[in-house]
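# An overview of the molecular structure
Spelled out from the first residue to the last, the chains are:
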Protein chains: 2
Amino acid sequence: MATKIPQPALEKREDGDILERCRGFMCSPVTDARVLQENKGEMRTKMEMLIMETQAEFCKALEEVDGGTFQVDKWQRKEGGGGISCVMQDGKVFEKAGVNVSVVSGYLTEEAAKQMRSRGKALKGKDGKLPFCAMGVSSVIHPKNPHIPTVHFNYRYFEIEEEDGSRQWWFGGGTDLTPVYVNKDDAFLFHNTLKEACDQHHPQYYPDFKNWCDRYFYVRHRGETRGIGGIFFDDLDSPSQEEAFSFVKSCARTVVPCYLPIVYKHLNDPFTQEEKAWQQVRRGRYVEFNLVYDRGVKFGLATPGSRIESILMSLPLTARWEYMHEPAEGSREAEMLEVLRNPKEWV
Amino acid sequence: MATKIPQPALEKREDGDILERCRGFMCSPVTDARVLQENKGEMRTKMEMLIMETQAEFCKALEEVDGGTFQVDKWQRKEGGGGISCVMQDGKVFEKAGVNVSVVSGYLTEEAAKQMRSRGKALKGKDGKLPFCAMGVSSVIHPKNPHIPTVHFNYRYFEIEEEDGSRQWWFGGGTDLTPVYVNKDDAFLFHNTLKEACDQHHPQYYPDFKNWCDRYFYVRHRGETRGIGGIFFDDLDSPSQEEAFSFVKSCARTVVPCYLPIVYKHLNDPFTQEEKAWQQVRRGRYVEFNLVYDRGVKFGLATPGSRIESILMSLPLTARWEYMHEPAEGSREAEMLEVLRNPKEWV
């Protein structure tokens, strides 16, 4: 990879006292605040604080534009850890908005550990079992107005301890946009905000992770991407843990500036019944991707003890499947399909 | 298995001339009628005639109750064979009704051949390739009124030729009902009609295939069956090809008497917005089963050259996902869930 670009000093929030910072969260964190305070230098703590902060920032920004309030559910996983699910349903602006944090720990078999990484590295555990910790924030927002796009993001961190006590760790994540109609200005703003965050860390991050996103969010049986992409990455374990975390932090901090300006811009756009119907058809495709291909959903549904309601909160409140739906040539619906069939460069 | 019960002579339709019988179909069959005529003694021909007849009978019965007309699409598969998809969308009674026939042939790898059978027998092909033929009729009907249940059926036949020229063949199929509310009379009529058809052939068929149905249509991540079941079987290759076909024919001929009386009974039942909303939530679960677990859908989506619109016509026109939806204790919605969580005997 090429030259690393120095990054600005945006670290203010992290200087604060942990207990103080926890007061701004949607609810108390999964790990007891005093435990976090005691281990404030550890990556697990830094990441848990980041995902809680991201959830709070995003939820508050959405509540402000909608006027509604998130339902906050704190849940525990009997095998270890738990999560905080924030859902707003049938609001003024948002049909369904979910922002979920989970912090899970326990033991993995060697087979399961191998499957957790997209590159599938083999890991050696004590008696075949490996202590692990997985945490992340993920969100899907489905607005009512078909001129406001759906957004999804997810930022996550994994740690696995091998037999010899050494720790494997990596980050993954991404943010992607699923509009119902093509709007080049929105697409530029969204991608450019992500690109600027990426460029602070490495000039190859945006182009590489933009392509990865187009490949990952692909509904193969339709020959269409789910939306107009964004960035997606996994197995990020370089150049150092601190620098990888710093990159993830930059990404997590774009979720509000990436999306909220687009929401405000289209808040009062008028729309027709036909535009609403096309949004419903696109939501059907969203469901197809999430249930058939999404690795997180598949992993979640197959994992005993996982919280189904939190995994499936990504599904829209309503969706539609029309037999042989094909937009008229030259229509704005056909323009959208064309972009989904041939991903574009937006910046 | 126990005593075989003799079956009534219901074979009238099969005495007719093939070309004459084809006139009653929704459109000309996939295999040219003259080819069928020339091979009228072969099982492939008998089964293709049966699935075409079942499609026509069922479609006509639905058109009569709805007043609408099926859109008929005949399609070809470039690798060999094709199908006929009949869909009625947004009718007076039916929100979406699909009845699909497909007759597909070509070559399978040994691996694919093994996967086609639920018991996964190993088969030996010439240079690793096995000529095969697969055909079936399948249907899913989603009515508008929440007091009319959704029905699904599928009857299919496979043939694979091994290296030594010997032919492996088997039948599969089933019919199952997915109501929105429990109605014991409907459940009895539906199951009893299936039981009577099964009992003509073997006293163990109904109990065995009823249990298989409850196990197959299971949404594991929800801990619920998709509906109140019916029958389901696969790999049926005994006691003889003729007798197995005769059983499948009896089943295929129940699709109208199983379902249409229930449709007529509830045609004008009044319903509330709450009942409609519960129907939409149940449809969301239907989508979850079909996209996450259904073997036919998974196989179809992963098969290059398959017709996606015909595979996914089983999805409802509309569906809904509500976060943390839980019916009130003692409600009719809770009664339905209870039955889905603990499958019952209906006859």
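All figures in this text were calculated on a predicted structure; none of them were measured in a lab. (Residues numbered from 1 in each chain as written. Chains lettered and ligands numbered in written order. Predicted model: local features only at pLDDT ≥ 70, side-chain atom pairs only at ≥ 80, totals over all residues. Heavy atoms only, no water.)

## Observations concerning the confidence of the model for chain A
Residues and elements named next belong to chain A. On average, residues of chain A score 92 in pLDDT, and 94% of them reach the 70 mark or higher. Confidence drops under pLDDT 50 across residues 1-12; counting only partners more than four residues distant or on other chains, this segment forms 18 contacts. Here the complex is predicted with pTM 0.92, and the ipTM for its interfaces comes to 0.91. (pLDDT = per-residue confidence, 0-100. Contact = heavy atoms within 4.5 Å.)

## Here's the deal with the interface of chain B and chain A
Every contact between the two is made by 31 residues of chain B and, on the other side, 31 residues of chain A. Taking both partners together, chain B and chain A bury about 2,900 Å²; carbon and sulfur atoms supply 58% of that area. On the surface where chain B and chain A come into contact, there are two salt bridges. Arg222 of chain B is the partner of Glu309 of chain A in a salt bridge, and the nearest nitrogen-oxygen pair spans 3.2 Å. The tally of links between chain B and chain A comes to 15 residue pairs in polar contact (both at pLDDT 80 or more). Counting residues per element, the ones that place at least two in the side of chain B that touches chain A are strand 1 (71-76), strand 2 (81-89), helix 10 (273-292), helix 11 (295-302), helix 12 (308-311) and strand 10 (318-320) of chain B. Counting residues per element, the side of chain B that touches chain A draws most heavily on helix 10 of chain B, at four residues. Direction of pairing for strand 10 (residues 318-320) of chain A relative to strand 10 of chain B: antiparallel, over a ladder of three bridges. (Buried area = accessible area lost by both parts, 1.4 Å probe. Salt bridge = Lys/Arg side-chain N within 4 Å of Asp/Glu carboxyl O. Polar contact = N/O pair within 3.5 Å; in protein donor to acceptor, adjacent residues only side chain to side chain. Helix = DSSP H or I, 4+ residues; strand = E, 2+ residues; numbered from the N terminus. Pairing = 2+ DSSP bridges.)

## A short note on the packing of aromatic side chains
Residues and elements named next belong to chain B. Counted by the stated rule, this structure contains 42 aromatic pairs over all chains. Residues Tyr155 and Phe233 carry aromatic rings whose centres are separated by 6.3 Å and whose planes lie at 40 degrees to one another, so their mutual orientation is tilted. A residue pair is termed long-range when its members are at least 10 positions apart, and Tyr155 in strand 5 (residues 150-161) and Phe233 in strand 9 (residues 229-236) qualify at 78 residues. Phe233 gets classed as buried once you look at its relative accessible area, which sits at 0%. (Phe/Tyr/Trp six-rings, centres within 6.5 Å; stacked < 30°, edge-to-face > 60°. Buried < 20%, exposed > 50% of the residue type's maximum accessible area, 1.4 Å probe, protein only.)

## Observations regarding the environment of Val248 of chain B
Residues and elements named next belong to chain B. One can find Val248 in helix 8 (residues 241-252). We classify Val248 as buried; its relative accessible area is 0%. In contact with Val248, other than residues within four places in its own chain, are Met47, Leu50, Tyr155, Phe171 and Phe233.

## Quick notes on the sheet that holds strand 5 of chain B
Residues and elements named next belong to chain B. Pairing within the open sheet is antiparallel, and its seven strands lie in the order 1-2-3-4-5-6-9. Looking at which strands have only one partner, the edges of the open sheet turn out to be strand 1 and strand 9. Averaged over all pairs of adjacent strands, the angle between strand axes in this sheet comes to 10 degrees, irrespective of strand direction. In terms of strand pairing, strand 5 meets strand 6 (residues 167-178) through 12 bridges, oriented antiparallel. In the strand pairing of strand 6, Ile160 is matched with Gln168. Strand contacts of helix 4 (residues 43-66): strand 2, strand 3 (94-109), strand 4 (129-143), strand 5 and strand 6, with the helix running at about 170 degrees to strand 3, the strand carrying the most contacts. (Axes fitted to C-alpha atoms, helices over the stretch in contact; angles between N-to-C directions.)

## Description of the state of the cysteines
Structurally, a disulfide amounts to a covalent bond that connects the sulfur atoms of two cysteines. Taken as a whole and assessed by the stated rule, the structure comprises zero disulfides over all chains. Among the cysteines around Cys27 of chain A, which has no disulfide bond, Cys86 of chain A carries the closest sulfur, lying 7.1 Å off. Take Cys27 of chain A: its relative accessible area is 18%, and that puts it in the buried class. No disulfide involves Cys213 of chain B; its nearest neighbouring cysteine sulfur is the one of Cys198 of chain B, lying 11 Å away. (Disulfide = S-S within 2.5 Å.)

## As for unusual backbone geometry
With an omega of -5 degrees, the peptide bond between Ser238 of chain A and Pro239 of chain A qualifies as cis. Backbone geometry places Asp127 of chain B, a non-glycine residue, at a positive phi of 50 degrees. Mapped onto the secondary structure, Asp127 of chain B falls in the loop between helix 5 (110-116) and strand 4.

## Examining the side chain of Asp73 of chain B
By secondary structure assignment, the location of Asp73 of chain B is in strand 1. One buried charge, Asp73 of chain B, has no salt-bridge partner; the nearest side chain with opposite charge is Arg307 of chain B, at 4.1 Å. Side-chain polar atoms of Asp73 of chain B contact the side chain of Gln71 of chain B, separated by 3.1 Å. Asp73 of chain B has contacts with Tyr323 and Met324 of chain A together with Gly83, Ile84, Ser85 and Arg307 of chain B, leaving out every residue within four places of it along the chain. (Lys, Arg positive; Asp, Glu negative; His and termini not counted.)

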